[in-house]
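# Understanding the architecture of this molecule
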Amino acid sequence: MATSGKVIRCRAAVAWAVGKPLSVEEVEVSPPKAGEVRVKIVATGICRTDDHVLEGCFPNVVFPVIPGHEGAGIVESVGEGVTSVKPGDKVIPLCLPQCGECSFCLNPESNYCLKSHVSEPQNLLPDKTSRFTCKGKQIHHFLWVSTFAEYTVMPEYAVAKIDVAAPLDKVCLLGCGFPTGYGAAINTAKVKPGSTCAIFGLGGVGLSVVMGCKAAGASRIIAIDINKDKFAKAKELGATDCISPHDFKKPIQEVLTEMTGHGVDYSFEAIGHVDTLTAALASCNMNTGVCVMVGVPPSGSVISIDPMLLLSGRTWKGTLLGGWKMRDCIATLVSSYLEKKFNSDVLISHTLPIAKVNEGFELLRAGKSIRCVLLF
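Residues numbered from 1 in each chain as written. Predicted model: local features only at pLDDT ≥ 70, side-chain atom pairs only at ≥ 80, totals over all residues. Heavy atoms only, no water.

Basically, it comes down to this: UniProt positions are given in the numbering used here, feature names are shortened, and annotations may be inferred rather than shown by experiment.
Per an unreviewed UniProt entry, the chain carries the name Alcohol dehydrogenase I and comes from Accipiter nisus. Listed in UniProt under the heading Cofactor (unreviewed entry), the comment for the chain reads: "Zn(2+)". Turning to the chain, the UniProt record has this under Sequence similarities (unreviewed entry): "Belongs to the zinc-containing alcohol dehydrogenase family."

## Digging into the packing of helix H3 (residues 177–189) against helix H4 (residues 204–215)
Basically, it comes down to this: All axes are obtained by fitting lines to C-alpha atoms, using only the stretch in contact for helices, and the reported angles, taken between N-to-C directions, cover 0 to 180 degrees. Counting from the N terminus, the helices are the DSSP runs of H or I reaching at least four residues and the strands are the DSSP runs of E reaching at least two. Throughout this description, any angle smaller than 35 degrees is read as roughly parallel, any larger than 145 degrees as roughly antiparallel, any in the 65 to 115 degree range as roughly perpendicular, and the remainder as oblique. Crossings are classed by handedness, with left-handed meaning an anticlockwise turn of the near helix from the far one by less than a right angle and right-handed meaning a clockwise turn. Contacts were defined at the residue level, with two residues in contact if any of their heavy atoms lie within 4.5 Å. Amino acids are sorted into nonpolar (Ala, Val, Leu, Ile, Met, Phe, Trp, Tyr, Cys and Pro), charged (Asp, Glu, Lys and Arg) and polar (every other residue, Gly among them).
For the pair H3 and H4, the least separation of the axes is 7 Å and the interaxial angle reads 40 degrees. What the angle tells us is that H3 and H4 run oblique. Viewed along their axes, H3 and H4 form a crossing whose handedness is right-handed. Between H3, through Gly177, Phe178, Thr180, Gly181, Tyr182, Ala185 and Ile186, and H4, the contact on the second element is made entirely by Val205, Ser208, Val209, Met211, Gly212, Cys213 and Ala215. Across the contact of H3 with H4, the residue classes tally to 9 nonpolar, 5 polar and no charged.

## Some words on the pairing of strand E13 (residues 266–269)
Test applied: Think of it in three bands: with a 1.4 Å probe and only protein chains considered, a residue is buried below 20% of the maximum accessible area for its type, exposed above 50%, and partly exposed in between. When DSSP locates at least two bridges between a pair of strands, those strands are taken to pair. Orienting the strands away from the viewer, one traces the path from the first strand over the helix to the second; a clockwise path indicates a right-handed crossover.
Burial along E13 is two-sided: Tyr266 and Phe268 and Ser267 and Glu269, pointing in opposite directions, are all buried. With 4 bridges connecting them, strand E10 (residues 196–200) and E13 associate as parallel partners. Across the sheet, residue cysteine 197 finds its bridge partner in E13, namely tyrosine 266. As defined by bridge partners, E13 adjoins strand E14 (residues 290–293) across 4 bridges and the pair is classed as parallel. Within E14, the residue paired with phenylalanine 268 across the bridge is valine 292. Each parallel crossover has a hand, and the one from E13 via helix H7 (residues 274–283) to E14 is right-handed.

## Things to note about the pattern of salt bridges
For clarity, the threshold we go by: Just to be clear on terms, a salt bridge is a Lys or Arg side-chain nitrogen sitting within 4 Å of an Asp or Glu carboxyl oxygen.
According to the stated counting rule, one finds 21 salt bridges in the structure shown. With its nearest N and O atoms 4.0 Å apart, the salt bridge here joins glutamate 26 to arginine 9. One end of the pair, glutamate 26, is in strand E2 (residues 23–29); the other, arginine 9, is in strand E1 (residues 8–14), with 17 residues separating them in the sequence. The exposure class of arginine 9 is exposed, given its relative accessible area of 57%.

## Observations regarding the side chain of serine 344
By the element assignment, serine 344 lies in the loop between helix H9 (326–338) and strand E16 (348–353). In this structure serine 344 touches Leu173, Leu174, Phe178, Met211 and Tyr337, once residues within four positions along its chain are discounted.

## Brief notes about the sheet that holds E2
Spatially, E1-E2-E6-E7 is the arrangement adopted by the 4 strands of the open sheet, whose pairing is antiparallel. Bordering the open sheet on either side are E1 and strand E7 (137–139), each of which pairs with just one other strand. On average, adjacent strands in this sheet sit at an angle of 45 degrees to one another, irrespective of strand direction.

## Describing the sheet that holds strand E12 (residues 241–243)
In spatial order, the strands read E12-E11-E10-E13-E14-E15; together these 6 strands make up an open sheet with parallel pairing. Across the chains shown, the open sheet's two edge strands, defined by having one partner strand only, are E12 and strand E15 (315–318). In this sheet, adjacent strand axes meet at a mean angle of 15 degrees when their direction is disregarded. Each of E10, strand E11 (220–224) and E13 is contacted by H4, which is oriented at about 170 degrees to E10, the strand it contacts most. Against the sheet, H7 contacts E10, E13, E14 and E15, and its axis sits at roughly 175 degrees relative to E13.

## Focus: the packing of helix H1 (residues 48–55) against helix H10 (residues 357–365)
One can describe the packing of H1 onto H10 by two numbers: an axis separation of 11 Å at closest approach and a directional angle of 105 degrees. When the interaxial angle is binned, H1 and H10 end up roughly perpendicular. Only Phe361, Leu364 and Arg365 of H10 make contact with H1, whose side of the interface consists of Arg48, Asp50, Asp51 and Leu54. Class assignment of the residues belonging to the contact of H1 with H10 gives a composition of 3 nonpolar, no polar and 4 charged.

## Thoughts on the UniProt feature "domain: Enoyl reductase (ER)" (unreviewed entry) in the chain
Here, UniProt's "domain: Enoyl reductase (ER)" (unreviewed entry) annotation points to residues 19–374. From the first C-alpha to the last, residues 19–374 spans 21 Å; its make-up is 25% helix and 22% strand.

## Considerations on the packing of aromatic side chains
So the rule is basically this: Pairs were defined over the aromatic rings of Phe, Tyr and Trp, the Trp ring being its six-membered one, requiring ring centres within 6.5 Å. Orientation was assigned from the angle between planes: stacked under 30 degrees, edge-to-face over 60, tilted for the rest.
In this structure the tally under the stated criterion is 7 aromatic pairs. With a centroid separation of 4.8 Å and an interplanar angle of 25 degrees, the aromatic rings of phenylalanine 178 and tyrosine 182 are classed as stacked. Taken as a pair, phenylalanine 178 and tyrosine 182 lie in helix H3 at a separation of 4 residues, close to a single helical turn. Taken together through their ring pairs, the aromatic side chains of Phe178, Tyr182, Tyr337 and Phe342 make up a single cluster.

Right under this line is the structure:
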């Protein structure tokens, strides 16, 4: 490629400081070093986690930063020693890396990696330098992927090759939102046919949980949100009941217990609020109920619960990216998408050019979008 080995000047949405709108700037992107890949991003979804970054919910994210972690693109060039992808390959960057060497990566039941942000920050590439500069300043990476940049550099183990037939403006959702929710039902909860499920929060991830519960054969799927505009889409995707906590005088866990007899078999919290997390736990049945935490609570949140909620036998679990080992699984997920085994396209409510990135965030905050996809 003509750009290989050279600095590329391109557009990126930069977050200069907490609480400020993103600024679309010209940035310089250095070539990949050994073990790294430079990717031309074609499309990227706006995920609630990106909004949490802008609000300053994650103190270990360093500003200025290029957010974005739900993208799809084409390999532009590779650094020395990279073998799994080559220039021209269609790829999805992985916001949860898979180094293949740590104890978690070597455990077939784990999808975590010790290189991930929960263990050590991913604000700089593994050699502790950045590939981004803007106006003479170093710009930080986000989860190593920074998909709000037209070109971005990441370690080889944070990118996976996908089918050449995949439409990048659609499969970008498979980088985070869809597999997180769908996998929470299929992999983490292991929803059984004929069971009853409750999903708290009907954003892109919550609706993906609804799809996962339906695919797993759940007979009753109760969708919960304070925004009733989300109910039509939830029903279209498989929800059997839609309820708003605002319509009841009593706590929502009591409502769910009355609706189902002894509580649901599986509950999912896809918001990241302490109070809804507690309600979700209390709404699954006291002995065999499984509650899965999918949403990301603000850093430093503390939850106080009655120990009897767990002593009686309930299971309370968290999930990262729906339990998928991303580098191993993403190509299979894309193939399933191409075979129409699920239709994640229904989650895309808006498509905007990168120049309108702030408009995309406004739609998200107003509860008017499910997933907004940005195109370069």
